[in-house]
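Notes for the structure review
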Amino acid sequence: MTTEQIKLHFDRVLFGFGIINPLTAVPQLHNVWVLERVGGISAITTTAALAMAVLWTVYGLLERRTVLWATSVLWIVMHAATLVGIAFAA
């Protein structure tokens, strides 16, 4: 297997996990939006994570790396939804 083939397979695996990983935020979103529980959720930490996701998205777009920007966009949605929920609960 060549280096390019390994890289292609690795990108596919990374993309798959990158799509699945933001789903780990669903229980937190359930707490925020359905149960209206925001205790223990830091708006500062969530804002920092949102900023990092935006930076990774921009970097992925500039480098034309779909695996970076596409998966980071999902994190932007999750973090933004959490922050909006925190704001409405306050």
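These figures come from a predicted structure and were not determined experimentally. (Residues numbered from 1 in each chain as written. Predicted model: local features only at pLDDT ≥ 70, side-chain atom pairs only at ≥ 80, totals over all residues. Heavy atoms only, no water.)

Description of the overall build of the protein chain
Looking only at helices and strands, one finds four helices and zero strands in the protein chain. Listing each helix as α and each strand as β along the protein chain from the N terminus yields α-α-α-α. Scaling as 2.2 N^0.38, a compact globule of 90 residues should have a C-alpha radius of gyration of about 12 Å, whereas the protein chain reaches 16 Å, well beyond that. Along the three orthogonal principal directions, the C-alpha set of the protein chain runs to about 55 × 25 × 15 Å. The 90 residues of the protein chain split such that 23% are buried. Within the protein chain, contacts between residues separated by at least 24 positions form 72% of all contacts whose residues are at least 6 apart in sequence. (Helix = DSSP H or I, 4+ residues; strand = E, 2+ residues; numbered from the N terminus. Rg over C-alpha atoms; globule rule 2.2 N^0.38 Å. Buried < 20%, exposed > 50% of the residue type's maximum accessible area, 1.4 Å probe, protein only. Contact = heavy atoms within 4.5 Å.)

Here we look at the packing of aromatic side chains
For the coordinates displayed, the defined rule picks out two aromatic pairs. Measuring from ring centre to ring centre gives 5.8 Å for W56 and Y59, while their planes differ by 80 degrees; the resulting arrangement is edge-to-face. In this pair, W56 and Y59 both sit in helix α3 (residues 43-62), three residues apart, roughly one turn of the helix. Classification of W56 by relative accessible area gives partly exposed; the value is 39%. A relative accessible area of 42% places Y59 in the partly exposed class. (Phe/Tyr/Trp six-rings, centres within 6.5 Å; stacked < 30°, edge-to-face > 60°.)

Description of a nonpolar patch on the surface
On the surface, F15, I19, I20, L23, V26 and L74 cluster together to form a nonpolar patch covering roughly 490 Å² of accessible area. It is helix α1 (residues 3-20) that provides the largest number of residues to the nonpolar patch, a total of three residues. Residue classification places V26 among the partly exposed residues on the basis of a relative accessible area of 41%. (Patch = residues over 30% accessible without salt bridge, like charges linked within 9 Å, V, L, I, M, F, W, Y side chains within 5 Å. Areas by Shrake-Rupley, 256 points an atom, 1.4 Å probe, with all protein chains shown as cover. Salt bridge = Lys/Arg side-chain N within 4 Å of Asp/Glu carboxyl O.)

Section: the pattern of salt bridges
Pairs can form between side chains of opposite charge whenever their charged atoms are close. What the rule picks out here adds up to one salt bridge. Of the charged contacts in the structure, one is a salt bridge between D11 and R65, with a shortest N-O distance of 3.1 Å. Here R65 lies in the loop between α3 and α4 (66-89) and D11 lies in helix α1, a separation of 54 residues in the sequence.

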